[in-house]
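Residues per chain are reported as follows:
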Amino acid sequence: MFHVVPVIDLREGGVVHARRGDRGRYPPLRSLLCAGNDPVAVVGGLLRLHPFPVVYAADLDAIQGTGDNRPALARLKAAFPDVGFWVDAGFRSADAVRGFVASGLGDAVLGSESLDGFAPLTALKASPAWERVILSLDFRDRFVGLPDLLERPDLWPRRIIAMTLARVGSGEGPDWSRLAEIGRTKPQASLFAAGGVRNGDDLRDLAAHGSAGALVATALHDGRIGGADLDALSR
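Residues numbered from 1 in each chain as written. Predicted model: local features only at pLDDT ≥ 70, side-chain atom pairs only at ≥ 80, totals over all residues. Heavy atoms only, no water.

Just so we agree on the cut-off: UniProt positions are given in the numbering used here, feature names are shortened, and annotations may be inferred rather than shown by experiment.
The name an unreviewed UniProt entry gives the protein is HisA/HisF-related TIM barrel protein, with Azospirillum brasilense as the organism. Here the protein is described in UniProt, under the heading Pathway (unreviewed entry), as follows: "Amino-acid biosynthesis."

1. Here we look at the environment of P120
Applied cut-off: Secondary structure elements are taken from DSSP: a helix is a run of H or I of four residues or more, a strand is a run of E of two residues or more, and numbering for both begins at the N terminus. Whether two residues are in contact is decided by their heavy atoms, any of which lying within 4.5 Å being enough.
Tracing the backbone shows P120 in helix 5 (residues 119-125). What P120 contacts, discounting residues up to four positions off in sequence, is R92, S93, A94 and L115.

2. Some words on the nonpolar core
Formally: The definition of a nonpolar core used throughout is a set of buried Ala, Val, Leu, Ile, Met, Phe, Trp, Tyr and Cys residues joined through side-chain atoms within 4.5 Å. Buried means the residue's accessible area, taken with a 1.4 Å probe over protein chains only, is under 20% of the maximum for its type, while exposed means over 50%, and partly exposed covers the values in between.
I8, L110, L137, L203 and V216 are the most contacted members of the largest nonpolar core, which has 61 residues in total. Dropping the residues within four chain positions of it, L110 is found in contact with F91, V97, L115, L121, L124, V133, I134, L135 and S136.

3. Some words on the side chain of K186
Here is the rule we go by: For the purpose of counting charges, residues Lys and Arg are taken to be positive, whereas Asp and Glu are taken to be negative. His and the chain ends are not included. The term salt bridge refers to a side-chain nitrogen of Lys or Arg lying within 4 Å of a carboxyl oxygen of Asp or Glu. We define a polar contact as two N or O atoms separated by no more than 3.5 Å, with the added condition that, inside protein, one atom must be a possible hydrogen donor and the other a possible acceptor, whereas residues neighbouring each other in sequence contribute only through side-chain atom pairs.
Examined against the element boundaries, K186 turns out to sit in the loop between helix 6 (176-185) and strand 8 (190-194). Among buried Asp, Glu, Lys and Arg side chains, K186 stands out as unpaired, with D154 the closest opposite charge at 7.8 Å. A distance of 2.7 Å separates a polar atom in the side chain of K186 from the backbone oxygen of W156.

4. Regarding the packing of helix 1 (residues 39-49) against helix 3 (residues 70-79)
Applied cut-off: Working convention: axes come from line fits to C-alpha atoms, limited for helices to the stretch in contact. Angles between N-to-C directions cover 0 to 180 degrees. Angles below 35 degrees are treated as roughly parallel, those above 145 as roughly antiparallel, those between 65 and 115 as roughly perpendicular, and all remaining angles as oblique. Left-handed describes a crossing in which the near helix is turned anticlockwise from the far one by less than a right angle; the clockwise case is right-handed. Following the grouping adopted for this structure description, the nonpolar residues are Ala, Val, Leu, Ile, Met, Phe, Trp, Tyr, Cys and Pro, the charged ones are Asp, Glu, Lys and Arg, and the polar ones are all others, Gly among them.
Between helix 1 and helix 3, whose axes approach to 9 Å, the crossing angle comes to 40°. One finds that helix 1 runs oblique with respect to helix 3. The crossing of helix 1 and helix 3 is right-handed. Only A72, R75, L76 and A79 of helix 3 make contact with helix 1, whose side of the interface consists of P39, V40 and V43. A class-by-class count of the residues in the contact of helix 1 with helix 3 yields six nonpolar, no polar and one charged.

5. Some words on helix 6
Going by this rule: Arc definition: directions from the helix axis to the C-beta atoms.
Every buried residue of helix 6 is listed here: R178, L179 and I182. Buried residues along helix 6 cover an arc of 100° about the axis, so they all sit on one side. Seen from the buried face of helix 6, the exposed residues on the opposite side, beyond 90 degrees, are S177 and R184.

6. What to know about the pattern of salt bridges
In total, this model carries eleven salt bridges according to the counting rule given. Notably, a salt bridge pairs R132 with D107, separated by 2.3 Å at the nearest N-O pair. With R132 in the loop between helix 5 and strand 6 (133-139) and D107 in strand 5 (residues 107-111), this residue pair connects regions lying 25 residues apart in the sequence. Of the residues examined, R132 reaches a relative accessible area of 29% and is grouped as partly exposed. Take D107: its relative accessible area is 12%, and that puts it in the buried class. Of the charged contacts, one joins R198 and D202 as a salt bridge, the two residues approaching to 2.8 Å between their closest N and O atoms. For D202, a relative accessible area of 3% corresponds to the buried category. By sharing partners, the salt bridges in this structure join D107, R132 and R159 into a single network.

So, in structure tokens, the structure goes:
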């Protein structure tokens, strides 16, 4: 089954509209699915569109080292206990990941841009928390992170996100060459596309090319991907 994973970007307790990875200029989210940008209202609007089993949350304050959105994440988990949350909070150590997983707020997304070395991946691979880890391979014009990480699929968990930050919110379409390259490196991984998804046709093409799913935000909120597209893919 192909999984569409809606994305929310959290900053100072609210949801913002991500565009091309320029985090300092993200405006408050405006959506056809809800009023305002409170995280509970936004996720509630998404779930009225489709019963998504998983939501991805980027804690921008934690990623940038200016604070965190743990209270917002706790509110979301309390409001939607049956939804799984994948959370990127700029995790830099194995202990931070283990602590987050133990909190019950969700699975931990390790962004390559936040990793200073291989030690967290090596330590987590030998830990029960490994099954709760997702690795995001982050790209701007080039890979953002330890260059050798792209050559170490033995340190990749089973779920991988190919995150093309420059395409986030751009409507430019998926980064097909990047997806193909990562897919060749670890064909047994569950690979999720992130950045540039425009419409239902892109989702269907990704499914046809073997992607496990896609992270989507803008096209859900502006109506270019509707309930009929989502229902068809989940059958």
